Amino acid sequence: MAKPSANKVAFNERVTKFLKGSWAELKKVHWPTRRELVTYTTVVLVSVLIVAALLSVFDSAFSFLLGKLILR
């Protein structure tokens, strides 16, 4: 049988070390509770809707003003 090359072994060790380190870091993360998650999601969705409404109002106003200027 052919021996695995040193490069292949080093690669496998690096991947294993990376995965173990990643798992250790994930254990340190403060994961939000379900209630926090729902609250944060609601805040984001409401913020997006407000910004979308403002952009729509400004777009309509600028379109109206430019239309009046061009069709004078």
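About the thresholds
- Residues numbered from 1 in each chain as written.
- Predicted model: local features only at pLDDT ≥ 70, side-chain atom pairs only at ≥ 80, totals over all residues.
- Heavy atoms only, no water.
- Salt bridge = Lys/Arg side-chain N within 4 Å of Asp/Glu carboxyl O.
- Helix = DSSP H or I, 4+ residues; strand = E, 2+ residues; numbered from the N terminus.
- Buried < 20%, exposed > 50% of the residue type's maximum accessible area, 1.4 Å probe, protein only.
- Patch = residues over 30% accessible without salt bridge, like charges linked within 9 Å, V, L, I, M, F, W, Y side chains within 5 Å.
- Areas by Shrake-Rupley, 256 points an atom, 1.4 Å probe, with all protein chains shown as cover.

1. Digging into the pattern of salt bridges
- Per the counting criterion, the structure on display carries one salt bridge.
- Taking the shortest distance from any N to any O, the salt bridge between K28 and E25 comes out at 3.2 Å. Pair noted here: K28 and E25 are both in helix α1 (residues 6-28), with a separation of three residues, about one helical turn.
- A relative accessible area of 46% means that E25 is categorised as partly exposed.

2. Observations concerning a nonpolar patch on the surface
- On the surface, V46, I50, L54, F58, F62, F64 and L65 cluster together into a nonpolar patch covering about 730 Å² of accessible area.
- Positionally, F62 belongs in helix α2 (residues 34-70).
- For F62, a relative accessible area of 53% corresponds to the exposed category.

3. Looking at the environment of F18
- Its location among the elements puts F18 in helix α1.
- When the C-alpha atoms of F18 and G67 are compared, they prove to be 59 Å apart, with 49 residues separating the residues in sequence.

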